[in-house]
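# Summary of the model geometry
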Amino acid sequence: MQVRIAESWKSILNGEFEKDYFKQLTSFVKSEYQQHKCYPKGNQIFAAFDYCSFEDLKVVIIGQDPYHGIGQANGLCFSVNENTAIPPSLKNIFKEIETDLQQAIPVHGNLESWAKQGVLLLNATLTVKAHQAGSHQKKGWEIFTDAVISQISQQKEHVVFLLWGGFAKKKGAKIDTNKHCILTSGHPSPLSANRGYWFGNKHFSKTNSFLKSKELDVIKW
């Protein structure tokens, strides 16, 4: 695995790349990609950082691990490639945006436009073996993404963290609540959303209200 990451993040994360756990993780991921079909493509593993520079970062959304179906994962959490069916969780995200902001549901599920506006779409685990959800968990990615969240918390201010579901909320333990805005709700997956834990959270309008209050550009969701 080549650590191909945007320049703006290199100085922030270089220390992690030198640690033993990350070297072991690199060896594991290289081996997995050589022996098995894995997602996303190798050059998209760090896409969340490539599309959202550290300087521009305003919002963080935390997912769990990449989609493991053919042609879905593109390195951005909850996002899928264009011309790919929109997964159920993303459909529910779009439904909430529709009611919260009174705007039309997008025709595709590629969230690159969010990332380019300063939304870090960060999965806790950045790779996965095809058709095996969670197959690359507990190999070191979680340590790395915890470090990412800690660095953002320490070095930035006025960032909105959207923590959806129990897994994401646990990642929130590393965030300084005095400097940042944390919004929590149930996960947008049908299991959670249909029980009333997702719809109506208004996280998208609340995010923009907070950004506006800090004289920052709002996100065009």
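Let me begin by describing the structure that accompanies this report. (Residues numbered from 1 in each chain as written. Predicted model: local features only at pLDDT ≥ 70, side-chain atom pairs only at ≥ 80, totals over all residues. Heavy atoms only, no water.)

## Thoughts on empty space enclosed by the protein
How we decide: A cavity, in this analysis, means grid points on a 1 Å lattice covering only the protein atoms where a 1.4 Å probe fits yet has no way out; a pocket is instead an open set bounded by protein on both sides within 12 Å along at least five of seven lines, and a residue lines either one if it has an atom within 4 Å of a point. Grid points are joined across faces, edges and corners, and a volume is the space filled by probe spheres set on the points. Labels follow the DSSP assignment, with helices taken as runs of H or I lasting at least four residues and strands as runs of E lasting at least two, numbered in each case from the N terminus. The classification used treats Ala, Val, Leu, Ile, Met, Phe, Trp, Tyr, Cys and Pro as nonpolar, Asp, Glu, Lys and Arg as charged, and all other residues, Gly among them, as polar.
Applying the stated criterion across every chain, the model contains 1 cavity of 30 Å³ or more. When its volume is computed, the largest cavity comes out at roughly 50 Å³. Along its surface, the largest cavity is lined by Pro-40, Ile-45, Ala-48, Pro-66, Gly-75, Leu-121, Leu-122, Asn-123 and Leu-126. Ranked by residues supplied to the lining of the largest cavity, first place goes to strand S3 (residues 119–123) with 3 residues. Class assignment of the residues belonging to the lining of the largest cavity gives a composition of 7 nonpolar, 2 polar and no charged.

## Some points on the pairing of strand S6 (residues 181–185)
What counts is decided by this rule: Working definition: with a 1.4 Å probe on protein chains only, accessible area under 20% of the residue-type maximum means buried, over 50% means exposed, and in between means partly exposed. In this description, strands pair whenever DSSP reports at least two bridges between them. Seen with its strands pointing away from the viewer, a crossover is right-handed if its path from the first strand over the helix to the second goes clockwise.
Side chains of S6 alternate between two faces, with Cys-181, Leu-183 and Ser-185 buried and Ile-182 and Thr-184 left unburied. Here strand S5 (residues 160–164) pairs with S6 via 5 bridges, running parallel. When the sheet's bridge partners are listed, Trp-164 is paired in S6 with Ser-185. Taken together, S5, helix H7 (residues 165–171) and S6 constitute a β-α-β crossover, and its handedness is right-handed.

## Focus: unusual backbone geometry
In terms of backbone geometry, most residues other than glycine have negative phi values and most peptide bonds are trans. The peptide bond linking Tyr-39 to Pro-40 adopts the cis configuration, its omega dihedral lying at -5°. Note that Pro-40 resides in the loop between strand S1 (38–39) and helix H3 (47–51). Positive phi is not limited to glycine here, since Phe-78 has a value of about 70°. Tracing the sequence through the fold places Phe-78 in the loop between strand S2 (59–63) and helix H4 (88–101). Located in the positive-phi region is Gln-102, a residue other than glycine, with phi close to 50°.

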